[in-house]
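# Chains, contacts and geometry: an overview
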Amino acid sequence: MGSRMIHPVSVCLSLSLGTCWTSTPSPSPTPVGGTRARREGTWGPGKTEGRGGGAGRPEVLPSPLPLPPAVVVLYTQSRASQEWREFGRTEVIDNTLNPDFVRKFVLDYFFEEKQNLRFDVYNVDSRTNISKPDFLGQAFLALGEVIGGQGSRVERPLTGVPGKKCGTILLTAEELSNCRDIATMQLCANKLDKKDFFGKSDPFLVFYRSNEDGTFTICHKTEVVKNTLNPVWQPFSIPVRVLCNGDYDRTVKIDVYDWDRDGSHDFIGEFTTSYRELSKAQNQFTVYEVLNPRKKCKKKKYVNSGTVTLLSFSVDSEFTFVDYIKGGTQLNFTVAIDFTASNGNPLQPTSLHYMSPYQLSAYAMALKAVGEIIQDYDSDKLFPAYGFGAKLPPEGRISHQFPLNNNDEDPNCVGIEGVLESYFQSLRTVQLYGPTYFAPVINLVARAAAKISDGSQYYVLLIITDGVISDMTQTKEAIVSASSLPMSIIIVGVGPAMFEAMEELDGDDVRVSSRGRYAERDIVQVDLTRERKSWSQKARSSHSETMSTGQGTRC
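Report follows, based on the coordinates. Because the structure is a prediction, the values reported are computed rather than measured.

## Describing the overall build of the protein
- In terms of helices and strands, the protein carries 10 helices and 29 strands.
- Sorting the 555 residues of the protein into buried and exposed places 55% on the buried side.
- When contacts within the protein are restricted to residue pairs at least 6 apart in sequence, those whose partners lie at least 24 apart make up 71%.
- In the form shown here, the protein has an accessible surface area of approximately 25700 Å², with 51% of it arising from carbon and sulfur atoms.

## Considering the pattern of salt bridges
- Overall, the coordinates contain 16 salt bridges when judged by the stated rule.
- For E504, the salt bridge is made with K476, and the minimal N-O distance between the two is 2.6 Å. Within this pair, whereas E504 is found in the loop between β26 (487–493) and β27 (513–514), its partner K476 is found in helix α9 (residues 472–482), the two being separated by 28 residues in sequence.

## Focus on the packing of aromatic side chains
- Evaluation of the coordinates by the stated rule reveals 14 aromatic pairs.
- For the pair Y248 and Y275, a centre-to-centre distance of 4.5 Å together with 40° between the ring planes defines the contact as tilted. Of the two residues, Y248 sits in the loop between α2 (240–243) and β14 (251–258) while Y275 sits in helix α3 (residues 275–279), which places them 27 residues apart along the sequence.
- Owing to a relative accessible area of 29%, Y248 belongs among the partly exposed residues under this scheme.
- Judged by its relative accessible area of 5%, Y275 is buried.
- Where Y257 meets F267, the ring centres are 5.7 Å apart and the plane angle is 65°; that geometry is what we call edge-to-face. Taken together, the residues Y257 in strand β14 and F267 in strand β15 (residues 266–274) connect sequence positions 10 residues apart. Of the two residues examined, Y257 and F267, each falls in the buried class.

## Regarding the pairing of strand β17 (residues 307–317)
- Where strand β10 (residues 181–190) meets β17, 10 bridges bridge the pair, whose relative direction is antiparallel. The residue bridging C188 from the neighbouring strand is T309, located in β17.
- Across 4 bridges, strand β16 (residues 286–289) lies against β17 in antiparallel orientation. If you follow Y288 over to β17, its bridge partner there is V308.

## Observations concerning the sheet that holds β10
- Pairing in this open sheet of 4 strands is antiparallel, and the strands run β13-β10-β17-β16 from one edge to the other. Either end of the sheet is taken by a strand with one partner, and the two such strands are β13 (236–239) and β16. The sheet shows a mean angle of 35° between the axes of neighbouring strands, taken without regard to direction.

## Things to note about helix α8 (residues 439–449)
- When α8 is considered as a whole, its buried residues turn out to be A439, V441, I442, V445, A446 and A449. Along α8, the residues classed as buried sweep out an arc of 165° about the axis, all on the same side.
- Next to the buried residues of α8 lie β18 (330–338), β19 (382–388), β25 (457–465), α9 and β26.

## Some words on the side chain of E174
- Of note, E174 is situated in strand β9 (residues 168–175).
- On the basis of relative accessible area, E174 is assigned to the buried category, the value being 14%.
- Of note is the side chain of E174, whose polar atom sits 3.3 Å from the side chain of N245.
- Looking at E174, its side chain comes within polar contact range of the side chain of R250, at 2.8 Å.
- Setting aside anything within four residues of it in sequence, one finds E174 in contact with S10, V11, C12, R209, N211, N245 and R250.

## Side note on the nonpolar core
- Of all hydrophobic cores here, the largest spans 34 residues; its most connected members are L13, L15, V72, L107, F119 and I169.
- Those elements that provide at least two residues to this core are β1 (9–17), β3 (70–77), β5 (105–109), β6 (116–123), β7 (134–142), α1 (143–148) and β9.
- If near-sequence neighbours (up to four positions away) are discounted, V72 is found in contact with L15, L17, G88, R89, T90, F101, F105, F119, D120, V121 and I169.
- Membership of the second largest hydrophobic core comes to 33 residues, among which are F333, V335, V460 and L462.

## Considerations on the environment of N304
- Inspection of the secondary structure puts N304 in the loop between α4 (293–298) and β17.
- Taking the C-alpha atoms as reference, N304 lies 8.9 Å from D193; in sequence the two are 111 residues apart.
- Residues contacting N304, with those up to four places away along its chain left out, are D193, E289, V290 and L291.
- Within the local environment of N304, its side chain forms a polar contact with the backbone nitrogen of G306, the two atoms lying 3.0 Å apart.

## Points about the environment of D454
- Its location among the elements puts D454 in the loop between α8 and β25.
- Taking relative accessible area as the criterion, D454 reaches 60% and is therefore assigned exposed.
- Separated by 32 residues in the primary sequence, D454 and P486 have C-alpha atoms spaced 9.7 Å apart.

## A short note on the state of the cysteines
- Applying the stated rule across the entire model yields 0 disulfides.
- C219 takes part in no disulfide bond, and the closest cysteine sulfur, belonging to C244, lies 9.1 Å away.
- For C219, a relative accessible area of 6% translates into the label buried.

## With respect to the sheet that holds strand β24 (residues 431–432)
- Taken together, the 3 strands give an open sheet; going across it, the order is β21-β20-β24, and neighbouring strands pair in antiparallel fashion. Every other strand in the sheet has two partners, leaving β21 (397–399) and β24 as the edge strands with one partner each.
- In the sheet, strand β20 (residues 390–392) pairs with β24 via 2 bridges, with the strands oriented antiparallel. The residue bridging K391 from the neighbouring strand is Q431, located in β24.

## Concerning the packing of helix α6 (residues 362–374) against helix α7 (residues 415–429)
- Contact geometry for α6 and α7: axes closest at 10 Å, N-to-C directions at 160°. Taken together, the axis directions place α6 and α7 in an arrangement best described as roughly antiparallel. Between α6 and α7 the crossing geometry is right-handed. From α6, Y363, A364, L367, K368, G371 and E372 reach across to α7, where they touch I416, E417, V419, L420, Y423 and F424.
- The residue makeup of the contact of α6 with α7, split by class, is 8 nonpolar, 1 polar and 3 charged.

How each quantity is defined
Residues numbered from 1 in each chain as written. Predicted model: local features only at pLDDT ≥ 70, side-chain atom pairs only at ≥ 80, totals over all residues. Heavy atoms only, no water. Helix = DSSP H or I, 4+ residues; strand = E, 2+ residues; numbered from the N terminus. Buried < 20%, exposed > 50% of the residue type's maximum accessible area, 1.4 Å probe, protein only. Contact = heavy atoms within 4.5 Å. Areas by Shrake-Rupley, 256 points an atom, 1.4 Å probe, with all protein chains shown as cover. Salt bridge = Lys/Arg side-chain N within 4 Å of Asp/Glu carboxyl O. Phe/Tyr/Trp six-rings, centres within 6.5 Å; stacked < 30°, edge-to-face > 60°. Pairing = 2+ DSSP bridges. Axes fitted to C-alpha atoms, helices over the stretch in contact; angles between N-to-C directions. Arc of directions from axis to C-beta. Polar contact = N/O pair within 3.5 Å; in protein donor to acceptor, adjacent residues only side chain to side chain. Core = buried A, V, L, I, M, F, W, Y, C linked by side-chain atoms within 4.5 Å. Disulfide = S-S within 2.5 Å. Parallel < 35°, antiparallel > 145°, perpendicular 65-115°, else oblique. Left-handed = near helix turned anticlockwise from the far one by under 90°. Nonpolar A, V, L, I, M, F, W, Y, C, P; charged D, E, K, R; others polar.

In structure tokens form, the structure reads like this:
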């Protein structure tokens, strides 16, 4: 392929669905190969929306039965192989025929390329498992079609279920600004309208940013506070580019709803503001009147449907991996390789450690792919390299943190080639054994990271393994303890074993916890795709998401 002539533009892709699934869903189509990507974004309660990204009043579509929970999975097509790979998925929304998803997809748009996208819609019984979903329809289009549509907005019919009208999917694209600020705010309400016959109200807020064509796109939902007219919502953080795309005077609309179990949430009222106005709450409380236009037209003495108060508002800058490197932070890269017997005899072709004269083993490929990326940011190119789960000569002692170069005083290897050379030498001298323990090598790196308090150094531990971890409890404790230190952990799985249990170490959705303590931040990235391209991308992206004390920017 030729080189790209134009630098990519980052675009945020928003989506909602038109009325669909009015009949029994069909089984899933023939699966199309794909890899699983990191899930990104904010989960929020379901809500019945009108089409157009929240541009109009909610369209309540009553149903005698609970409506199916919906999720949309986005696939991108490889230019080289034409293979479809999963890019990400939305949150699951229950009880609505017109779901308007909070979770967005951020893609790089190349003007000179045709970037094919596929959207599959599913009815799922679980919020986390779509291994056996009901297929509800799909749509194919190019990213350029969305960007080139009127107002960068396109609506397409969902197809794929013979003899059924599957509804539509509405896509909106917007170029993202370079603003990297994160806003944190807390709101409360007072004297909201009572909506529940046997109680008060169960209020929640929905935030929308305005678009250039006058419509609105949903960007955040708060939690529901049950049975009160005076709710206090939890503080939340949102990237400024998600809230207003860096335009401080762009209108932000906030709707107040009373949550209903069947999804037909009752509209209480609305108000508008802007980022600039919100930011004034850094010095004073800001009170907004909640107005219901329909009530205002019908009742002469109508005043409002309550008030919402912005209790606090603060802004922090999010720093990227490049910012840290430019600031002089030194990366220290450490490798830990699984030498347990489950990998197979290194002399046999079936082994993941097989020392073939013609090609690298699965372990060597993973090490080379990730290491060659990271070594560019390590100035001395000296990498401590360890093995775990082997019996060491001559007495046969089992070790879970032995230096690959057999030098306890100086475990450093010169460059990735030096690590590979020591790895091959260890395969010839140690006996693969077990079990698979991660905690010893994590604690080893954590002790080194604990000596750094000035931000001058950052530690990255790469663990390459073939199977299920044997010391999960101890490993969680080690991760929680290390989460306050300047270090990250990349776990790469090789071979055909099932690694799903290891995903709980990756705190994307739920922070890792141990003995009642939660990790201060997500420092672990688990890569289960076992593809060389993915390993390289993981090495490039994981540091920017874990070097700061906060989470990575999500759109």
